[in-house]
Amino acid sequence: MTTRAWTDPVLWSNVLFLGNAALYVAAGAALPAIAMLLCAVASTVYHYSCEWELVRPFDVHVAYLTLGLTMGYAAASEVHPGVWAVALLCLGGGLAAKKKSADAYGQWHTIWH
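### As for the overall build of the chain
Counting secondary structure elements, the chain contains 6 helices and 0 strands. Helices and strands appear in the chain in the N-to-C order α-α-α-α-α-α. The proportion of buried residues among the 113 residues of the chain is 28%. Of the contacts formed within the chain by residues at least 6 apart in sequence, a portion of 55% connects residues at least 24 apart.

The structure is reproduced here in structure tokens:
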């Protein structure tokens, strides 16, 4: 199995998940914090293994779970409509970057995260 170097930006973008997990812990939200940690592990393993297909389903399912929990917790809180608009713009931008990443994976993947 081929692996990426630990210095690859595709791997380092997973640090963002750890930062989000820490924010959830600080907010007292254990479930999304755990999901973010799982997302960090799944994504790191998947990308370290150069997108090994055996690991892909775990990475994708944990990512969907994490996104669902994040949106659910945001919807359940009293979030200002302007913040929702910015969040949805960021999500849209991330999805656009993900679509673009098929052309230049290493360049756009960090933006997607």
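### Brief notes about the side chain of threonine 66
Considering the arrangement of structural elements, one finds threonine 66 in helix α4 (residues 56-76). Setting aside residues no more than four positions away along its own chain, threonine 66 makes contact with Ala35, Met36 and Cys39.

Rules used throughout
- Numbers given for residues are sequential positions, taken from 1 along each chain in its written order.
- The predicted nature of this model means local features are confined to residues of pLDDT at least 70 and side-chain atom pairs, given and counted, to a pLDDT of 80 or more, with totals for whole chains, interfaces and linings taken over all residues.
- Each side-chain value is worked out from all heavy atoms of the structure, with water and hydrogens disregarded.
- Only DSSP runs of H or I reaching four residues or more are called helices, and only runs of E reaching two or more are called strands; each is numbered from the N terminus.
- Accessibility here uses a 1.4 Å probe with only protein chains present; expressed as a share of the type maximum, an area under 20% marks a residue as buried, one over 50% as exposed, and anything in between as partly exposed.
- Every residue pair with non-hydrogen atoms within 4.5 Å of one another is taken to be in contact.

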